[in-house]
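Working through the structure, step by step
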Amino acid sequence: MRVFLRNKRTRLYCAGSNDWAVAMGQAVEFTSVRRAITFAVDGSMPETEVVVRYDLLADRKSVV
């Protein structure tokens, strides 16, 4: 699971304190949703959303 912050208006990803990036690969990757929220609240980032990306898909054969 990968956790990012993104500005809801500009759609830019958080790349650090007051830094923003177009690409997810340039953004800060948080270790948890809680840490991302704490960073946003502590940094006074009101129009920010948490983006959770889960890249591993279950094998369809094993899903019942």
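Located above this text is the structure these notes cover.
Cut-offs used in this document
- Counting starts from 1 at the beginning of each chain's written sequence and moves along it residue by residue.
- Confidence filtering applies because this is a predicted model: local features only for residues at pLDDT of at least 70, side-chain atom pairs given and counted only at 80 or more, and all residues used for totals across whole chains, interfaces and linings.
- Working from all heavy atoms in the structure, the side-chain values ignore hydrogens and water.
- Distance thresholds for patches are 9 Å for like charges and 5 Å for nonpolar side chains (Val, Leu, Ile, Met, Phe, Trp, Tyr), applied to residues having over 30% relative accessible area and no salt bridge.
- To be clear on the numbers: accessible area is Shrake-Rupley with a 1.4 Å probe, and residue cover counts the displayed protein chains and nothing else.
- What counts as a salt bridge is simple: a side-chain nitrogen of Lys or Arg found within 4 Å of a carboxyl oxygen of Asp or Glu.
- By definition, any uninterrupted DSSP run of H or I lasting at least four residues is a helix, any uninterrupted run of E lasting at least two residues is a strand, and each is numbered from the N terminus.
- The rule is simple: take the accessible area with a 1.4 Å probe, protein chains only, and divide by the maximum for that residue type; under 20% is buried, over 50% is exposed, in between is partly exposed.
- Side-chain rings of Phe, Tyr and Trp, where Trp is taken by its six-membered ring, are said to pair if the distance between their centres is within 6.5 Å; with planes under 30 degrees apart they count as stacked, over 60 as edge-to-face, and otherwise as tilted.
- Residues grouped as a nonpolar core are buried Ala, Val, Leu, Ile, Met, Phe, Trp, Tyr and Cys residues, joined through side-chain atoms within 4.5 Å.
- Should any heavy atoms of two residues lie within 4.5 Å, those residues are considered in contact.

Considerations on a nonpolar patch on the surface
- Taken together, the side chains of M1, V33, I37, V41, V50, V52 and Y54 make up a nonpolar region of the molecular surface, amounting to roughly 660 Å² of accessible area.
- Where the nonpolar patch is concerned, the elements lending two or more residues are α1 (33-42) and β4 (48-53).
- For the nonpolar patch, the element with the highest residue contribution is α1, accounting for 3 residues.
- We classify V52 as partly exposed; its relative accessible area is 45%.

Considering the packing of aromatic side chains
- This structure, assessed with the given rule, holds 2 aromatic pairs.
- An angle of 55° between the planes, with centres 5.3 Å apart, marks the rings of F30 and F39 as tilted.
- A residue is classified by how much of its surface remains accessible, and F39, at 25% relative accessible area, is partly exposed.

Focus: the nonpolar core
- Counting residues in each nonpolar core, the largest one holds 7 residues, listed as V3, L5, C14, F30, A36, A40 and M45.
- Breaking this core down by element, the ones donating at least two residues are β1 (2-7) and α1.
- Ignoring anything within four residues of it in the chain, the contact list for C14 reads L5, D19, W20, A27, V28, F39 and M45.
- By size, the runner-up hydrophobic cluster in this structure holds 5 residues, among which are F4, Y13, M24 and A27.

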